[in-house]
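Overview (structure and organization)
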Amino acid sequence: MHFAVFILQCIKPMATSQFFPRLFTVDEANGLLPALLPLMKRISDHLDFLRKKSETVIREERLSPNSPDLMERLQENDSIARIIQEVKGLVEEVNSCGCVCKGVEQGLVDFPCMLGGEIVFLCWRYGEESVAHWHRIEDGVAGRRPLLEADEDEGSGNISYH
């Protein structure tokens, strides 16, 4: 069951792929991690709670996990509704830093960055020590590559950040 899908449906995208309020360098993205870590931990903890609580409610109320109105029914539970709102607020707080909380369940955060005249995402996953990956916007997390590959792609060995 993917509870984050519902949460993300309720959150408006921060920006289109063509406009971002801020572009990051690798150092700037890494510098933001100490502020993001506690937010991402709380999101992760809340999602764990939502999974467990939802399973309990489904079992106790004999709800079908395949029911089209399952999320609506689960939100009738006060603690589930409250935690969903808290997760939405935490995601908005992450986004307000200029980065994009993309994969809530996976703990993914993207940082817009200029690479050779193209805006790409520096990509960090909760639990990683530092920002060490990037991907083109259209490739998503499936296109995640180590930062060293950015140097090879550009040929010049330099990444243009701004």
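In case you missed it, the structure is sitting above this.
Anyway, here's the lowdown on the structure attached to this text. These numbers come from a predicted model, not from an experiment. Numbers given for residues are sequential positions, taken from 1 along each chain in its written order. This being a predicted model, a pLDDT of at least 70 is required before a residue's local features are given, and a value of 80 or more before pairs of side-chain atoms are given or counted; all residues contribute to the totals for chains, interfaces and linings. In computing side-chain properties, one takes all heavy atoms of the structure into account and sets aside hydrogens as well as water.

Glancing now at the overall build of the protein. Along the backbone of the protein there are five helices and five strands. Only DSSP runs of H or I covering at least 4 residues are called helices, and only runs of E covering at least 2 are called strands; the numbering of each starts at the N terminus. Mapped from its N terminus to its C terminus, the protein presents α and β elements in the order α-α-α-α-β-β-β-β-β-α. Whether two residues are in contact is decided by their heavy atoms, any of which lying within 4.5 Å being enough. In the protein, of all internal contacts separated by at least 6 residues, the share reaching a separation of at least 24 is 53%. Values of accessible area rely on a 1.4 Å probe in the Shrake-Rupley scheme; residue burial ignores everything except the protein chains shown. Total accessible area on the protein stands at roughly 8900 Å², and carbon and sulfur atoms take up 50% of it.

Positioned with a positive phi, Arg62 is a non-glycine residue whose angle comes to about 55 degrees. Note on placement: Arg62 falls in the loop between α2 (26-60) and α3 (70-74).

It is possible for side chains of opposite charge to pair when their charged atoms get near one another. Any Lys or Arg side-chain nitrogen located within 4 Å of an Asp or Glu carboxyl oxygen qualifies as a salt bridge. Applying the stated rule across the entire model yields seven salt bridges. A salt bridge links Asp48 to Arg51, with the nearest nitrogen and oxygen atoms 3.0 Å apart. Of this pair, Asp48 and Arg51 both sit in helix α2, three residues apart, which is roughly one turn of that helix. Through salt bridges with shared partners, a single ionic network connects Asp48, Arg51 and Glu105.

In this analysis, rings of Phe, Tyr and Trp, with Trp reduced to its six-membered ring, are considered paired at centre separations within 6.5 Å, and the interplanar angle assigns stacked below 30 degrees, edge-to-face beyond 60, and tilted for intermediate values. What the rule picks out here adds up to three aromatic pairs. Between Phe20 and Phe121, the ring centres sit 5.4 Å apart and the planes meet at 75 degrees, which makes this aromatic pair edge-to-face. Here Phe20, found in the loop between α1 (3-9) and α2, pairs with Phe121, found in strand β3 (residues 118-125); they are 101 residues apart in sequence, far enough to count as distant. By the burial criterion, Phe20 is buried, and Phe121 matches it. Judged by centre distance (6.5 Å) and plane angle (85 degrees), the ring pair of Trp124 and Tyr126 falls under edge-to-face. Buried, partly exposed and exposed residues are distinguished by accessible area as a fraction of the type maximum, computed with a 1.4 Å probe on protein chains only: under 20%, between the cut-offs, and over 50%, respectively. Take Trp124: its relative accessible area is 0%, and that puts it in the buried class. Taking the relative accessible area as the measure of exposure, Tyr126 reaches 29% and is therefore partly exposed.

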